[in-house]
Amino acid sequence: MRLLLSTIIVACISACSGEVPGPEAKSQAEKLTREDPATFATYDVLFGGTNVGALTVTENGTKVSIDFGFSNNGRGASSQETILRSETGIPISWTITGKTTFGNQVNENFEMVDGRASWSSAAGSNNAEDGEMQNNERKPLYIAQDPSPYAYYVYAKTVLDTGGEPYPALPSGKVTVTALRQLDLNTDDEKIIKATLYAVGGIDLNPTYVLLDGQHAFLGVVSPRFAVLPNDLSQQDKALRELAANLNSERYENIASNVTHQYELPVRVNNVHIFNPHTLSLSPLSSVVVTDNTITAIEPAVKQPLPGEVTIEGNGGTVVAGLYDMHGHMGDNQALLNVMAGVTGVRDMGNEDDVLHALIDKIDSGTLIGPTITKSGFIEGVSDYSAATGELASTKDDALALIRDYADKGYWQIKIYNSMNGEWVPDMVKEAHDLGLRVAGHVPAFYRADQMIEAGYDELTHINQIMLGWVLSPEEDTRTLFRITGMKRFADLDLNSEKVRHTLNLMVENNIAHDPTAVIHEYAMTGRNGVTNNAVIDYIEHMPISVQRQAKSAMLNVADETEDKAYRAAFEKIMATLSLMHEKGIFLVPGTDMGGAFYLHRELELFEQIGMSPAEVLKRGSFDMAQYLGHQNRGAIEVGKTADFFLTPGDPTQELKAIKTVAMVVTQGKFFYPTEVYPEFGILPFTEIPNITEHNQ
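Quick summary incoming for the structure in this document.

When its secondary structure is counted, the protein chain shows 18 helices and 33 strands. For 697 residues, the compact-globule estimate of 2.2 N^0.38 gives 26 Å, and the C-alpha radius of gyration of the protein chain, at 26 Å, lies within 12% of that figure. If one aligns the C-alpha atoms of the protein chain with their principal axes, the spans along those axes are about 80 × 65 × 50 Å. Buried positions account for 59% of the 697 residues belonging to the protein chain. Element-wise, carbon and sulfur atoms account for 47% of the exposed surface of the protein chain, whose accessible area totals about 26500 Å². Computing the positive centroid from 53 side-chain charges and the negative centroid from 90, the protein chain places the two 2 Å apart.

Here's what the structure looks like:
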């Protein structure tokens, strides 16, 4: 599942081409009959309704073989698995080979022999003896790090076959399985299959939805964005994804109803320092009074709660205006987790319009917790590498029509993607600007950033999209693996060269902003197997074990020491380029393309590394972004402005990482205490809940 999920998480920088089971594999499957000793089944992998790959399962007694592969947006994953089960059905051996979405090689092994379990994966190796295992009467269930979606069926069936109670897992934790819906599914030949949709929990931050028939046989895995379904049930994809979306919404609606605090009385956030983005300094100890959704007073701190108010004790902490992730792709879970991290504004850089519209409506109504979302209309060209998210334009007229449609729907800008025909861009920019829309995006394949600047872009997205134009030859295709592997060439790039100076001067002359998404480049280019990634190191011990293991897995395949040095040097060159941009006054906006929240904190830390002071970074992530997006009532804690801020016990003007510890968030007239929320995701809270006193009289 994590092989597939990484397509969503890191949607926009680079790719490896997955080895998808092709026509030969399917033709072999068709030759098998019920008389064959092995049971053979094939499943379609669907992303946003598009068939992007296949999963095949062959069962022969206690042995199960799984082939999995998909390719979407010029990238993909593939794996081959073999599972040996005990007579009771528990996996006692599990091997996985293949590659992840971005090319990291998978070579995972698990084995249980004579009461001793041992395993090795990208995150490292470990073992457990009988006496160390959580429940000696039930052999623990190994949770694979890089399996196919079929693994979630293995987990579900194990739990159900042993009575349905939470089941001990390795490396740690317990797996839960909950029946959510009884379904009648119609096959292509009009047969009806009785099915149950289960939520498999205890593994990731969110449950995974698995379909089983009445005999607990595997029918598929579904989520709001993708599905793995039998060939004769693929037409049920849309309905099942909608069901998964509704179930997600129910989960998050329940969380929202339990953790949202709204007060009828004015609220005084007392005994806090206030960050002032204009002076880049902190106030003396003060109190901020909020009435409904507006800051109505800023006064000296009071010694005791006042009548007629709710008083929230800040204990000398710091309040900072809400942060912005300027490169998000929002869903229910990311929306909530961003707010808990003090990220109360997100610019969505590509989404299905109906998904985004429904999400914004639920946030606005208070049904879901989420940030204020600014919409970017995603427009992609048609090619073998087209992204499944957003809208495809096969002609220039189609592209212009999409721009008009986005304008009618109130979008703030359009975003142009890799497969777009660069010759159409000048006319697309003119149409967008005439309609009051900004234009941002990737550099279309076989073009350079200079040409997009000259065509009228307002903003360039991803630092590699600019720098690749300095190191690749014209025929090299940035819709493919070159979006990643080509970055190794940055190591030898001369930043004083004419081509570099020309691009940067064009950006300055044309007032081009840049969204570098530095954190995803750091994660990709410096991450190595067995070592916790720098992007998450400050908080990873608070995360569930599966997240901790994934943090020790490289995103890319690093073949040898030479390649290791090249990638590390290339990231250093990226940071040097961003430092040069900052020195030249190019306006850099902080975005993650990794879901925001904790990753946005790291993005801001990287902005500090390119030459900004902690206070300047805070201003850039809050006030400057509010101004950039036209949110005049946000970005500062001042009387008359919207109450949109977070409380941290530390002083982020001295040590920026203090923003990673959030005790309270105020946004949209609501108060949230992350410590109440994080246990729902298996996250260990970072702070105590502030002391709250309510005096009605």
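Let's pick the thread back up.
The amide bond that connects Leu170 to the next residue, Pro171, takes the cis arrangement and shows omega of 10 degrees. Within the fold, Pro171 resides in the loop between strand E10 (167–170) and strand E11 (174–186). With a phi close to 65 degrees, Glu190 is a non-glycine residue in the positive phi region.

Quick look at the side chain of Arg225 now. Following the sequence through the fold, Arg225 ends up in the loop between strand E14 (218–222) and strand E15 (226–230). A distance of 2.8 Å separates the side chain of Arg225 from the side chain of Asn351, its partner in a polar contact.

Let us now look at a negative patch on the surface. On the surface, Asp188, Asp189, Glu190 and Asp232 cluster together to form a negatively charged patch. Within the secondary structure layout, Asp189 lies in the loop between E11 and strand E12 (192–201). On the basis of relative accessible area, Asp189 is assigned to the partly exposed category, the value being 48%.

Orientation of helix H4 (residues 237–259) relative to helix H5 (residues 332–340), taken along the N-to-C sense of each, is 25 degrees, at an axis distance of 9 Å. By the angle class used here, H4 and H5 are roughly parallel. Residues Ala245, Asn248, Ser249, Tyr252 and Ile255 of H4 lie in contact with H5, whose contacting residues are Asp332, Asn333 and Leu336. Classifying every residue of the contact of H4 with H5 gives four nonpolar, three polar and one charged.

Once that is clear, we can look at the pairing of strand E23 (residues 343–348). If a strand is regular, its side chains alternate between the two faces of the sheet. With respect to burial, E23 is a largely interior element, six of its six residues being buried. Two elements, strand E22 (residues 323–328) and E23, share four bridges in a ladder whose sense is parallel. Bridging from a neighbouring strand, Tyr324 pairs with Gly345 of E23. For the handedness criterion, the β-α-β arrangement of E22, H5 and E23 is classed as right-handed. Note that E23 and strand E24 (residues 372–381) share four bridges and pair parallel. By the bridge assignment for E24, Val346 is matched with Ile373.

Moving on to the pattern of salt bridges. Counted under the stated rule, the structure contains 34 salt bridges. Ionic pairing is found between Asp434 and Lys430, a salt bridge with its closest N-O pair at 2.9 Å. Taken together, the residues span about one helical turn, with Asp434 and Lys430 both in helix H8 (residues 425–434) at a distance of four residues. Under the relative-accessibility criterion, Asp434 is labelled exposed at 55%. Linking Asp538 and Lys657 is a salt bridge whose minimum nitrogen-to-oxygen distance equals 3.4 Å.

Moving on to the packing of aromatic side chains. Applying the stated criterion to the full structure yields 21 aromatic pairs. On the basis of an interplanar angle of 65 degrees and a centroid distance of 5.9 Å, the ring pair of Trp412 and Tyr628 is categorised as edge-to-face. Residue Trp412 is located in the loop between helix H7 (396–408) and strand E26 (413–416), and its partner Tyr628 is located in helix H17 (residues 614–629); the two are separated by 216 residues in the primary sequence. Cluster of aromatic residues (ring-pair linked, three or more members): Trp94, Phe110, Trp119, Tyr142, Tyr152 and Tyr155. Arg251 extends its terminal NZ or CZ atom over the ring of Tyr252, reaching a point 5.4 Å from the ring centre. Directly above the ring of Phe681 sits Arg251, whose terminal nitrogen or CZ lies 5.0 Å from the centroid.

Moving on, we come to the environment of Ala179. Topologically, Ala179 is positioned in strand E11. Residue classification places Ala179 among the partly exposed residues on the basis of a relative accessible area of 47%. Through-space distance from the C-alpha of Ala179 to that of Gly164 is 9.8 Å; in sequence the pair is 15 residues apart. Ignoring any residue separated from it by four or fewer positions in sequence, one finds Ala179 in contact with Thr196, Leu197 and Tyr198.

Every buried residue belonging to H8 is among Val425, Met428, Val429, Glu431 and Ala432, and all of these are buried. All buried residues of H8 fall inside an arc of 165 degrees around its axis, so they share one side. Those residues of H8 that are exposed and aimed more than 90 degrees away from the buried face are Lys430 and Asp434. The elements touched by buried residues of H8 are E24, H7, E26, strand E27 (438–441) and helix H9 (449–455). Phi turns positive, to about 85 degrees, at Gly436, one or two residues after H8.

Bringing the packing of helix H12 (residues 498–509) against helix H15 (residues 561–584) into the picture now. Packing of H12 against H15 leaves a shortest axis separation of 11 Å and a crossing angle of 40 degrees. Judged by the inter-axis angle, H12 sits oblique to H15. Between H12 and H15 lies a crossing whose hand is right-handed. On H15, the residues touching Leu504, Asn505, Met507 and Val508 of H12 are Leu580, Met581 and Lys584. Residue composition of the contact of H12 with H15, grouped by class: five nonpolar, one polar and one charged.

As a further point, take the pairing of strand E8 (residues 124–129). In this structure, strand E7 (residues 116–121) lies alongside E8, joined through six bridges in antiparallel fashion. Of the residues in E8, the one forming a bridge with Ala117 is Ala128. Counted between consecutive antiparallel strands, the loop separating E7 from E8 contains two residues.

What follows concerns H7. The terminal C-alpha atoms of H7 lie 19 Å apart, and with 13 residues this matches the ideal 18 Å at 1.5 Å per residue to within 8%. Taken together, the buried positions of H7 are Ala399, Leu400, Leu402, Ile403 and Tyr406. Buried residues of H7, viewed axially, fall in a sector of 155 degrees; they line one side. Set apart from the buried face of H7 by more than 90 degrees, the exposed residues are Asp397 and Asp408. Residues of H7 that are buried make contact with E24, strand E25 (391–393), E26 and H8. Phi for Gly410, located one or two positions after H7, is positive at around 80 degrees.

As for its placement among the helices and strands, Glu603 is situated in helix H16 (residues 598–609). Note: C-alpha distance between Glu603 and Leu437 (166 residues apart in sequence) is 26 Å. Not counting chain neighbours up to four residues away, the residues in contact with Glu603 comprise Pro516, Thr517, Ala518, Val519, Pro590, Gly591 and Thr592.

Here is what the cut-offs are and how they apply
Counting restarts for each chain, with residues numbered from 1 along the sequence as it is written. Where local features are concerned, this predicted model is filtered to residues with pLDDT of at least 70; where side-chain atom pairs are given and counted, the filter is 80 or more; whole-chain, interface and lining totals use all residues. Where side-chain values are given, they derive from all heavy atoms of the structure, hydrogens and water being excluded. Helix and strand labels come from DSSP, where a helix needs a run of H or I of at least four residues and a strand needs a run of E of at least two; each type is numbered from the N terminus. For this measure, only C-alpha atoms enter the radius of gyration; the expected value for a globule follows 2.2 Å times N^0.38, where N is the number of residues. Buried residues are those whose accessible area, probed at 1.4 Å on protein chains only, stays under 20% of the maximum for their type, while exposed residues exceed 50% and partly exposed ones sit between those limits. Exposure was quantified through the Shrake-Rupley algorithm and a 1.4 Å probe, taking into account, for residues, occlusion by the shown protein chains and nothing else. His residues and chain termini do not enter the charge count, which takes Lys and Arg as positive and Asp and Glu as negative. One atom stands in for each charge, and that atom is NZ of Lys, CZ of Arg, CG of Asp or CD of Glu. Each polar contact in these results corresponds to two N or O atoms within 3.5 Å; when the atoms are within protein, one needs to be able to donate a hydrogen and the other to accept it, and residues that are neighboring in sequence are counted only if both atoms are side-chain atoms. Each patch groups residues whose relative accessible area exceeds 30% and which form no salt bridge, using 9 Å between like charges and 5 Å between nonpolar side chains of Val, Leu, Ile, Met, Phe, Trp and Tyr. Salt bridges are defined as contacts in which a side-chain nitrogen from Lys or Arg sits within 4 Å of a carboxyl oxygen from Asp or Glu. Axis definition: a line fitted to C-alpha atoms, limited for helices to the stretch in contact. Angles are taken between N-to-C directions and run from 0 to 180 degrees. For classification purposes, an angle smaller than 35 degrees is called roughly parallel, one larger than 145 roughly antiparallel, one from 65 to 115 roughly perpendicular, and anything else oblique. Here a residue-residue contact requires only that any non-hydrogen atoms of the pair lie within 4.5 Å. Amino acids outside the nonpolar list (Ala, Val, Leu, Ile, Met, Phe, Trp, Tyr, Cys, Pro) and the charged list (Asp, Glu, Lys, Arg) are all regarded as polar, and Gly is one of them. Only strands joined by at least two bridges in the DSSP assignment are considered to pair. Think of it like this: strands point away, you trace from the first strand over the helix to the second, and a clockwise trace means the crossover is right-handed. For Phe, Tyr and Trp, rings pair up if their centres lie within 6.5 Å, where Trp contributes its six-membered ring, and each pair is then called stacked (planes under 30 degrees apart), edge-to-face (over 60) or tilted (otherwise). Note on criteria: charge over ring means Lys NZ or Arg CZ within 6 Å of the ring centre, with the direction from the centre no more than 35 degrees off the ring normal. The arc in question is the one traced by the directions running from the helix axis out to the C-beta atoms. Left-handed describes a crossing in which the near helix is turned anticlockwise from the far one by less than a right angle; the clockwise case is right-handed. Each residue after the first adds 1.5 Å to the expected span of a helix.

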